Amino acid sequence: MSVRADGTRVGAMEKRGIRRRLALATVALTASAAVALATPAVADEAPAATGVAPAATEVAPAVTNALHTARVWKKPGKGPAPTACYGRKVRTFPFRTGTVVVYKRPGYVCAVTLAERPGGRQKISVTVQARGNAAVTRGWVNARTSPAVTVHAGHRCVRVAGRVGRGEVKSGWILC
């Protein structure tokens, strides 16, 4: 446990709040940099009587895209799940109605299910289990991809499963 300058202790919850605020500040700084790069340098072309900044419609999408791609939420588990995995692709498991793709980065394994033919009303899900831990399953309906599932695997074996509609695939223990 850390101690402040006035002698009071800082708990783990406060540390997480500080980290979250720092992450949010980083996102805001990145978004402002994106806006600065997206804004044209010519500001004298708009007539002074209108009071509208030139290229005002061009700035909004840049800000929106920068904030949506950052994926910073207030609480873990709240808000939409990320749909992308990071790391290197290590395995692909094709099946009749889709494909499960497995990615690995140091200490972590991530998997996502991709639908072969997106559209219609079908359930899509992915499950990842590190040996010795509980399986983690995420899914939804009417989507092209399942939410990404990332688990801490260390150097342990993992197994993955994916389902799209009635088709499914299950791997044995992999990445041992």
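What this report covers is the structure whose coordinates are included nearby. (Residues numbered from 1 in each chain as written. Predicted model: local features only at pLDDT ≥ 70, side-chain atom pairs only at ≥ 80, totals over all residues. Heavy atoms only, no water.)

### A few points about the sheet that holds strand S4 (residues 98–105)
- Strands sit in the order S3-S4-S5-S8 across an open sheet of four strands; the sheet is antiparallel. On the outer flanks of this sheet lie strand S3 (88–95) and strand S8 (149–152), each paired with one strand and no other. When strand polarity is set aside, the average angle formed by the axes of neighbouring strands in this sheet is 20°.
- Pairing analysis gives seven bridges linking S3 to S4, with the strands arranged antiparallel. (Pairing = 2+ DSSP bridges. Helix = DSSP H or I, 4+ residues; strand = E, 2+ residues; numbered from the N terminus. Axes fitted to C-alpha atoms, helices over the stretch in contact; angles between N-to-C directions.)

### Looking at the sheet that holds strand S6 (residues 123–130)
- Pairing is antiparallel across the open sheet formed by four strands, whose spatial order is S7-S6-S9-S10. Each having just a single partner strand, strand S7 (136–141) and strand S10 (167–170) make up the two edges of the open sheet. For this sheet, the mean inter-axis angle between neighbouring strands, taken without regard to orientation, is 5°.
- Inspection of the sheet shows S6 paired to strand S9 (residues 158–164) by seven bridges, in the antiparallel sense. Note on S9: the bridge partner recorded for Gln129 is Arg159.

### A short note on unusual backbone geometry
- For Asn142, which is not glycine, the phi dihedral falls at a positive 60°.
- Along the polypeptide, Asn142 turns up in the loop between S7 and S8.
- Of note, Leu175 is a non-glycine position whose phi angle comes to about 60°, a positive value.
- Examined against the element boundaries, Leu175 turns out to sit in the segment after S10.
- A residue is classified by how much of its surface remains accessible, and Leu175, at 17% relative accessible area, is buried. (Buried < 20%, exposed > 50% of the residue type's maximum accessible area, 1.4 Å probe, protein only.)

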